[in-house]
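Observations on chain architecture
Take a look at the letters that make up each chain.
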2 protein chains.
Amino acid sequence: MIRADVVSNDDLTRTVLNLVWERREVSRAEIARSTKRSRSTISEVVGRLLGTGLVAEAGAGESRGGRRPILVGFQDDAGVILGVDVGATHISLILTDLRGRTLAWRERAHPVRSDPKGAEALITALGEVCLAEWNGDRSRLMGIGVAVPSPVDPGSPGRVLDRVLPAWRGHSVLDRLNSVFGVPVFVDNDANLGAVAERWWGEAVGIDDFVYLKVATGVGAGIMIGGEIYRGATGVAGEIGHVAIDPGGPECLCGNRGCLATFVGTRQLVDRARALLERFPDSVLAGTEPDIRAIEDAALSDDPLALQVVTEAADRLGIVVAGVLNLLNPGSVILGGSLARAEDRLVKPLREAVATRTLVDSAAASDIRTSDLGARATALGAATHVLVAALANPRLFPGVKPT
Amino acid sequence: MIRADVVSNDDLTRTVLNLVWERREVSRAEIARSTKRSRSTISEVVGRLLGTGLVAEAGAGESRGGRRPILVGFQDDAGVILGVDVGATHISLILTDLRGRTLAWRERAHPVRSDPKGAEALITALGEVCLAEWNGDRSRLMGIGVAVPSPVDPGSPGRVLDRVLPAWRGHSVLDRLNSVFGVPVFVDNDANLGAVAERWWGEAVGIDDFVYLKVATGVGAGIMIGGEIYRGATGVAGEIGHVAIDPGGPECLCGNRGCLATFVGTRQLVDRARALLERFPDSVLAGTEPDIRAIEDAALSDDPLALQVVTEAADRLGIVVAGVLNLLNPGSVILGGSLARAEDRLVKPLREAVATRTLVDSAAASDIRTSDLGARATALGAATHVLVAALANPRLFPGVKPT
DNA sequence: GCACTTTGTTCGGTGGCCGAACAAAGTCTG
DNA sequence: CAGACTTTGTTCGGCCACCGAACAAAGTGC
């Protein structure tokens, strides 16, 4: 149950809680210095926080030339969060603590688009499985984050917009999740949540302005500006799958020609690999019907066919990444999605493609690299989104003991 | 002289001052409702503000069913601001009051790049001319805003970065302006400041997320996100002149091929018009050596050659605008710079070019239109930048009477 | 061993903001 | 047109977040 009356929602309380989370263990005096408040004020705020069980005293720290400080530590296990990644062809769930550690993880292939009802049932079932595996006090579940491969309404994040999942429009599914598990449900776009994961646990820790590029079934970007996800006027910012990169290219489902999505994406890469099979008789993929995983694996072992496919994709991506750099000048560009497994084999040709299309200034300033969060990135980001909300608004924390 | 001790710099004081500016004349009770503070609190804050001379009581307003309110009005003439537009081939200055009204305006052609020293002298000379024409109390000058056709350092805005004006690097020129006129000097990129002008006085009033595209000697974008100029990691966000739109296009000064700048920009449009002269013997431009102004004028009278030039430019711009829409999904795109004079003759083909390259969603949400601020837009934006700083920090106001 | 630091708490005080109460100056209704 | 009701703006007492000074406890360093 959510107790709205226990933790006062001051700005300062919020700031202190976030600081304790960041530093893990920190003394009152240090908090006072960091927040530029007096020690007496911080003492009182910390006193209130101690009463909530979110932080606890954790022994003495190093002396700085005087009395040793009492360290105050964030209680990472004060709550758990469920993160759901709804892909085009799979569903995966992660259960994390408040430090982003995996407590449970489940993944299933599922035709989400053609069977949205089944997807809904699968999510609740896998959610139960994760909670059972964790075997902790279920009342510590704080919230559920859901990543969907579609834009969301920037006005009321949580509303799914896209036609990709018509059955999910509005939020009936999310309401069901809410009533089944009895906790708040947050929804956002998968690329946006991938960016969140990178900022908290991955390559973008400490970076407030960057672009996350997810290359998987489709291509999407999560744009982080000033530490916040940027959604644009109607929530479709970052939907770069349909940027036109070749006016003479193949026709796209969207009606235009030469969209990025017609060149890069699981389906396209697989098609391309199969078309190249004849030309590469020595490839490990020769004589097989390769899927995307096989292609990525082959690339990692430097198979020439797979490298060709990856390099071509990098070249196409480079056009768009160059545009992003010229326009937004982000501090870094992080590549996620399954194709990111290829690492340098993807990034090197990408950097080259970008270099020929950008000013020296902006290209030099941006480092382009791959994520190392792996397959759990999106689900982790969904869980992290809930964590962010909770740290900003401690009322969301359950099981907070009365003062 | 700046009095730092007169206006206390509370958040609330700032909020109230901005509100009075926005509403022009507003009662204490109305301020209390808008800011959700008590009337007693607002009364005290307004009392302090009255003492500064920035606001003044201005008679009675309409009754809302009870006692008639006393209106408090912003004093638009409490200060004046000088805005400087340093172009590639001209320098212009505007003197405005705190409502953006033009008090004086001067423009001179000058080869800024080849004669930066002369430019500096010209700015101070024209500044004196503007102040003399205004003929007001010179101590009311609050600050000087300068627009430069080059990126600025996002860390310390005011530092000019680019190689376009090597002599202006660092801030010697700005220091000189400061010492000559004895007021703070603010510097920013011209496209950024054009966006500021649009947001305060032009097509983007009330819009917090939009992109301003300046098409003049060069092409640049000012990106407004959440009401703030977005500069990117190294200050080159919006420098879209070197977005590659045609891999097989002509070589650019920057070393790459097919940059937008090789197709759109004063120089390129003039060259293109001259190349087309033979093909359009009936054009009003036939037999002349047209400059950009003549081409724009001809387009406005529907001359086929000029329309051809404008349409081609629109087509090229469309590629980049489509990219911007797909990536950022801004609420609107506003076209400025001299080419914006062409209005519908530019916007219509641009909209068409964009429509074939964007998702229906994002294109439909963005309206693309031309600025109507004219040639003074950039200088006005520079002045407005100072106004914004002053409203955010009333200490900057000069001549504030002690309480 | 003694002077000096740092930590964390206590306690009285300050300042921003609030609500209640009130006088002044309106509108509306019978 | 008088009386009831509304709205405005001010005054005044009070609350609360936060502060600084003072202090005890617990260190360090010469």
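Residues numbered from 1 in each chain as written. Chains lettered and ligands numbered in written order. Predicted model: local features only at pLDDT ≥ 70, side-chain atom pairs only at ≥ 80, totals over all residues. Heavy atoms only, no water.

Things to note about the protein's contact with DNA strand C
Here is the rule we go by: Throughout, near means a residue has at least one heavy atom within 4 Å of the molecule or strand. Pairing of N or O atoms within 3.5 Å defines a polar contact, subject to two protein rules: one partner must be a possible hydrogen donor and the other a possible acceptor, and residues neighboring in sequence count only if both atoms are side-chain atoms. The numbering of helices and of strands both runs from the N terminus, where a helix is a DSSP run of H or I of at least 4 residues and a strand a run of E of at least 2. Charged means Asp, Glu, Lys or Arg here, nonpolar means Ala, Val, Leu, Ile, Met, Phe, Trp, Tyr, Cys or Pro, and polar covers whatever is left, Gly included.
In the region of DNA strand C, 25 residues are neighbours, and Arg39, Ser43, Arg67 and Ile70 of chain A together with Thr41 of chain B sit closest. The protein-proximal atoms of DNA strand C, defined as those within 4 Å of the protein, are 62% sugar or phosphate. Within the backbone of Arg28 of chain A, an N or O atom sits 3.4 Å from a phosphate oxygen of DNA strand C. Interatomic distance of 3.5 Å between a side-chain N/O atom of Arg64 of chain A and a phosphate oxygen of DNA strand C. For the surface near DNA strand C, the elements supplying multiple residues, two or more each, are α2 (28-35) and α3 (39-52) of chain A together with α3 (39-52) of chain B. Grouping the constituent residues of the surface near DNA strand C by class yields four nonpolar, 11 polar and 10 charged.

A few points about helix α9 (residues 304-328) of chain B
Residues and elements named next belong to chain B. Formally: Expected span of a helix: the number of residues minus one, times 1.5 Å. To get the bend at any residue, fit one axis to the seven residues that end at it and another to the seven that begin at it, then take the angle between the two axes.
Relative to the 36 Å expected for 25 residues at 1.5 Å per residue, α9 spans 34 Å between its end C-alpha atoms, a close match to the ideal helical length. Helix geometry: α9 is bent most strongly at Gly318, by close to 30 degrees. Backbone nitrogen of Leu305 and a side-chain oxygen of the N-cap are separated by 3.2 Å at the start of α9; the cap is Asp303. Two residues or fewer past α9, Asn329 is found with a positive phi of approximately 50 degrees.

Quick word on helix α8 (residues 292-300) of chain B
All names here are of chain B. As a reminder of what qualifies: Only protein chains enter the accessibility calculation, which uses a 1.4 Å probe; a residue is then buried when its area is under 20% of its type maximum, exposed when over 50%, and partly exposed in between. By definition, the arc is the one covered by directions from the helix axis to the C-beta atoms. Should any heavy atoms of two residues lie within 4.5 Å, those residues are considered in contact.
Turning to α8, its buried residues are Ile292, Ile295, Glu296, Ala298 and Ala299. The buried side chains of α8 occupy one side of the element, clustering within an arc of 160 degrees when seen end-on. Tucked inside the fold, the buried residues of α8 contact α7 (266-276), α9 and α10 (344-355). Just beyond α8, the residue with positive phi is Asp302, at close to 60 degrees.

Here's the deal with the packing of aromatic side chains
Which entries qualify depends on this criterion: Planes of paired rings set the category: under 30 degrees apart is stacked, over 60 is edge-to-face and the rest tilted, where pairs are Phe, Tyr or Trp rings (Trp by its six-membered ring) whose centres lie within 6.5 Å.
Counted by the stated rule, this structure contains six aromatic pairs over all chains. Aromatic side chains Trp200 of chain A and Trp201 of chain A sit 6.2 Å apart centroid to centroid with 50 degrees between the ring planes, which places their arrangement in the tilted category. Residue Trp200 of chain A is classed as partly exposed on the basis of its relative accessible area, which comes to 21%. With a centroid separation of 5.7 Å and an interplanar angle of 65 degrees, the aromatic rings of Trp21 of chain B and Trp201 of chain B are classed as edge-to-face. Placement of the pair is Trp21 of chain B in helix α1 (residues 11-23) and Trp201 of chain B in helix α6 (residues 190-201), with a sequence separation of 180 residues. You can call Trp21 of chain B buried: its relative accessible area is 8%.

What about the sheet that holds strand β10 (residues 219-225) of chain A?
All names here are of chain A. As a reminder of what qualifies: Here the rule is simple: two strands pair whenever DSSP picks up at least two bridges between them. Lines are fitted to the C-alpha atoms to define the axes, a helix being fitted only along its stretch in contact, and any angle between axes, read from their N-to-C directions, falls within 0 to 180 degrees.
The sheet built from five strands is open, its strands ordered β11-β10-β9-β12-β13 with mixed pairing. With one partner strand each, in any of the chains shown, β11 (228-229) and β13 (367-370) form the two edges of the open sheet. Bridging between strand β12 (residues 332-336) and β13 involves four bridges; their strand directions are parallel. Bridge assignment links Val333 to a residue of β13, and that residue is Ile368. Sheet contacts for helix α9 (residues 304-328): β9 (210-215), β10, β12 and β13; angle to β9, the most-contacted strand, approximately 165 degrees.

Here's the deal with the domain arrangement of chain A
Using the following cut-off: Annotation comment: domain bounds sourced from an automatic or database domain assignment.
On domain assignment, one finds that chain A holds domain 1 (11-74), domain 2 (79-195 + 378-396) and domain 3 (205-372). For domain 1 of chain A versus domain 3 of chain A, the separation of C-alpha centres amounts to 44 Å.

Structural notes on the nonpolar core
What counts, and what does not: Put simply, a nonpolar core is a bunch of buried Ala, Val, Leu, Ile, Met, Phe, Trp, Tyr and Cys residues held in one set by side-chain atoms that sit within 4.5 Å of each other.
Core analysis: the biggest nonpolar cluster contains 96 residues, and Ile240 of chain A together with Ile240 and Leu317 of chain B have the highest contact counts within it. Once residues within four sequence positions are removed from consideration, Ile240 of chain B is found in contact with Asn326 and Leu327 of chain A together with Leu213, Val219, Gly220, Ala221, Leu260 and Val320 of chain B.

Notes on the protein's contact with DNA strand D
By nearness alone, 25 residues border DNA strand D, and Thr41 of chain A together with Arg39, Ser43, Arg67 and Ile70 of chain B come closest of all. Close to the protein, within 4 Å, the atoms of DNA strand D are drawn from sugar and phosphate at a rate of 64%. The backbone of Ser38 of chain A places a nitrogen or oxygen atom 2.9 Å from a phosphate oxygen of DNA strand D. Measuring from a phosphate oxygen of DNA strand D, one finds a backbone N or O atom of Ala29 of chain B at 2.9 Å. Those elements that provide at least two residues to the surface near DNA strand D are α3 of chain A together with α2 (28-35) and α3 of chain B. When grouped by side-chain class, the residues that make up the surface near DNA strand D number four nonpolar, 11 polar and 10 charged.

Considering the relation of the copies chain A and chain B
This is how the line gets drawn: The fit set for superposing copies consists of C-alpha atoms from residues with pLDDT of at least 70 in both; the fit itself is least squares.
At an RMSD of 0.1 Å, chain A and chain B line up after a rotation of 180 degrees and a shift of 0.0 Å along the axis. Seen this way, the second copy is the image of the first under a two-fold rotation axis. Considering only C-alpha atoms, the part of chain A nearest the rotation axis is Gly323 of chain A, at 3.7 Å. The overlap is high: 100% of the interface residues of chain A also sit at the interface in chain B, so the same surface is used on both sides.

Some thoughts on the sheet that holds strand β11 (residues 228-229) of chain B
Residue and element names in this part refer to chain B. Spatially, five strands are ordered β11-β10-β9-β12-β13 in an open sheet, and the strand pairing comes out mixed. In the strand order of this sheet, the two ends are held by β11 and β13 (367-370), each with one partner. In the packing of α10 onto the sheet, contacts are made with β12 (332-336) and β13, and the angle to β13 comes to roughly 155 degrees.

Topic: the interface of chain A and chain B
Counted only if it meets this: Buried area is calculated as the accessible area (1.4 Å probe) missing from two parts once they are joined, with the contributions of both summed. By convention in these notes, a salt bridge is any Lys or Arg side-chain nitrogen within 4 Å of a carboxyl oxygen on Asp or Glu.
The partner chain B presents 35 residues to the 35 residues of chain A that form the contact. Overall, the association of chain A and chain B removes approximately 3000 Å² of surface from exposure, summing both partners, and the carbon and sulfur fraction of that is 61%. Taken together, the connections running from chain A to chain B amount to zero salt bridges. At the surface where chain A touches chain B, the tally comes to 12 residue pairs in polar contact (both at pLDDT 80 or more). Contributions of two or more residues to the side of chain A that touches chain B are made by β10, α9 and α11 (360-365) of chain A. Top contributing element to the side of chain A that touches chain B by residue count: α9 of chain A, with four residues. For the side of chain A that touches chain B, a count of residues per class yields 17 nonpolar, 12 polar and six charged.

What about the pattern of salt bridges?
Pairs can form between side chains of opposite charge once their charged atoms are near each other. Residues and elements named next belong to chain A. What the rule picks out here adds up to 48 salt bridges over all chains. Of the charged contacts in the structure, one is a salt bridge between Arg33 and Glu30, with a shortest N-O distance of 2.9 Å. Separated by three residues within a single helix, Arg33 and Glu30 lie in helix α2, roughly one turn from each other. Looking at Arg33, the relative accessible area reads 39%, which means it is partly exposed. By relative accessible area, Glu30 is classed as partly exposed at 23%. For Asp297, the salt bridge goes to Arg341, with nearest N and O atoms at 2.5 Å.

Topic: the side chain of Asn189 of chain B
Residues and elements named next belong to chain B. Secondary-structure assignment places Asn189 in strand β8 (residues 185-189). Judged by its relative accessible area of 4%, Asn189 falls in the buried class. Polar contacts involving the side chain of Asn189 include one to the main-chain amide nitrogen of Asn192, which spans 3.2 Å. Among all residues touching Asn189, those that are not within four sequence positions of it are Val148, Pro149, Ser150, Pro151, Val152 and Glu239.

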